[in-house]
Amino acid sequence: MVYVKVPLNTSDGLVQKIDAALRGAAVRVLDWRTLAIWLVCAILATYTGPFGTYQTGQAGNLFVLWVVLLGASISCAFVIFELCRALLAGFSPLVINLAFFVLAAGVIGGVIDQLLTHIFMRSALERPSHLALSTYASVIMLIIVIVRRMFPNLADEAEQGDKTVSESVQMPVTSRLAKRLSISAGVRIIRVFADGHFVEVQTCTESHRLRMRFSDAVSELDDTAGMTVHRSHWVHSEAIRGWVPSARKPYVVLENEMRVPVSKTYLPGVKAAGLTVLPDLDAATGKVI
């Protein structure tokens, strides 16, 4: 059986990736689950007074303070996470999470420090240091990461709109299709699609073309976490950034901004997967259609 390996075309512009990441972050921030958690945490912080804030103002003022601080933190976290996913799409989930962890801790600490200093006019004695704020942010994010790793099913239920699958369901390196194409261990197959009598098997950096039936190729993926969204298109779960049901012809969007069509036959399955809903953007201009 003959196959050809060619470089994968990833010509999407940096500006378009950043714009798509920001739009994805906005969708996450405005999700009702995020807003509910934001409100509950603000109420709890108002009446528990962490960092000595309970003695520094009236309940109403404290509530406003915590709404602003938590909102800024949540927004920064989602923006940084989406940027890491978009700009580091070719790297492993471990690298992406590590970059997010380091960047978010520093940025969130700095943003909170600036808000306390210039908006709420807190003196150096009334607010934690920038280092302390960054440390607090790091500890909280570390706890979240540990909980998500220990209870992946719980995380999925709490964030049905987030299709960032736990690292524990990565593609097994022993899949028959990966072995057939001599794909290196740890390299994820993100997409398989039919092209006449051939199939294209794509990773983050390469595309393999071989003469084979699409159904046989999908079968050789074994227990890989993914879904068939069209009679000739299969995508890896971890490679999906979201989907656009509002388009005239619905499609899913991969981490590298590739668009994969969704047919009517597989539409119910895609809906049931709880993917993040994205706006329909013009491919050329990046503007909402």
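This structure is a prediction, so every number in the text was calculated from the model and none was measured.

Novice: Break down the pattern of salt bridges for me, citing the residues and quoting the values.
Specialist: If charged atoms from side chains of opposite charge come close, those side chains can pair. The tally for this structure, following the rule as stated, stands at 10 salt bridges. Between Arg 85 and Glu 255 there is a salt bridge; the shortest N-O distance is 2.5 Å. You can see Arg 85 sitting in helix H3 (residues 59-87) and its partner Glu 255 sitting in the loop between strand E8 (251-254) and strand E9 (259-261), a full 170 residues away along the chain. This pair shows no difference in class: Arg 85 is buried, exactly as Glu 255 is.

Novice: Residues and numbers for the confidence of the model for the chain, please.
Specialist: In this model, the chain carries an average pLDDT of 78, and 76% of its residues clear a pLDDT of 70 or more. Overall, residues 8-12 carries pLDDT values under 50, and its contacts beyond four positions in sequence, including any with other chains, amount to 12 contacts. Considering only residues more than four positions removed or in separate chains, one finds that residues 152-173, a stretch of pLDDT under 50, has 51 contacts.

Novice: Please give an account of the environment of Ser 75 that cites residues and values.
Specialist: Its location among the elements puts Ser 75 in helix H3. A relative accessible area of 26% places Ser 75 in the partly exposed class. Counting along the chain gives 47 residues from Ser 75 to Arg 28, while the straight-line C-alpha distance between them is 8.8 Å.

Novice: Which residues make up the environment of Ala 217, and what values go with them?
Specialist: Positionally, Ala 217 belongs in helix H8 (residues 214-219). For Ala 217 and Val 201, which are 16 residues apart along the polypeptide, the C-alpha to C-alpha distance reads 8.7 Å. Among residues more than four places away in sequence, those in contact with Ala 217 are Leu 177, Val 192, Val 199 and Met 212.

Novice: Give a detailed account of the packing of aromatic side chains, specifying residues and quantitative values.
Specialist: Across all of its chains, the model carries 1 aromatic pair by this definition. Aromatic pair Phe 81 and Phe 100: ring centres 5.4 Å apart, planes at 75°, arrangement edge-to-face. Of this pair, Phe 81 sits in helix H3 while Phe 100 sits in helix H4 (residues 93-119), and the two are 19 residues apart along the sequence. Of the two residues, Phe 81 and Phe 100, both sit in the buried class. Across the ring face of Phe 193, the terminal group of Arg 191 is positioned such that the distance to the ring centre comes to 4.3 Å.

Novice: Go over a nonpolar patch on the surface with me, naming the residues and quoting the values.
Specialist: A surface patch of nonpolar side chains, amounting to about 310 Å² of accessible area, comprises Leu 39, Ile 43 and Tyr 47. Residue position: Tyr 47 is located in helix H2 (residues 32-48).

Novice: Summarise the sheet that holds E8; cite the residues concerned and give the values.
Specialist: Across the sheet, 3 strands lie side by side as E7-E8-E9; this open sheet has antiparallel pairing. The strands lining the two open edges of the sheet, one partner per strand, are strand E7 (240-244) and E9. Direction aside, the axes of adjacent strands within the sheet are offset by 25° on average. Here 4 bridges tie E7 to E8, and the two strands are oriented antiparallel to one another. Paired with Gly 242 across the two strands is Val 253, which belongs to E8.

About the criteria used
- Per chain, residue numbering runs from 1 following the sequence as it is written.
- Where local features are concerned, this predicted model is filtered to residues with pLDDT of at least 70; where side-chain atom pairs are given and counted, the filter is 80 or more; whole-chain, interface and lining totals use all residues.
- Based on all heavy atoms of the structure, the side-chain values leave hydrogens and waters out of the count.
- Salt bridge criterion: a side-chain nitrogen from Lys or Arg within 4 Å of a carboxyl oxygen from Asp or Glu.
- By the criteria applied, helices consist of DSSP H or I runs no shorter than four residues and strands consist of E runs no shorter than two, each listed in order from the N terminus.
- Using a 1.4 Å probe on the protein chains alone, a residue whose accessible area is under 20% of its type maximum counts as buried, one over 50% counts as exposed, and one in between counts as partly exposed.
- Summary of the metric used: pLDDT quantifies the predictor's per-residue confidence within the range 0 to 100.
- The contact definition used throughout considers only heavy atoms, calling two residues in contact when any of these lie within 4.5 Å.
- To pair, rings of Phe, Tyr and Trp, with the six-membered ring standing in for Trp, must have centres within 6.5 Å; the planes then decide the type, stacked if under 30 degrees apart, edge-to-face if over 60, and tilted in the middle.
- Each ring is checked for a lysine NZ or an arginine CZ that lies within 6 Å of its centre and within 35 degrees of its normal; such an atom marks a charge sitting over the ring.
- In this scheme, patches are assembled from residues that exceed 30% relative accessible area and form no salt bridge. Like charges are connected within 9 Å, while nonpolar side chains (Val, Leu, Ile, Met, Phe, Trp, Tyr) are connected within 5 Å.
- Areas reported as accessible are Shrake-Rupley estimates using a 1.4 Å probe. Residue values count occlusion only from the protein chains shown.
- Two strands qualify as a pair provided that DSSP identifies no fewer than 2 bridges between them.
- Each axis is a line fitted through C-alpha atoms, and for a helix only the stretch in contact is used; angles between axes span 0 to 180 degrees, taken between their N-to-C directions.

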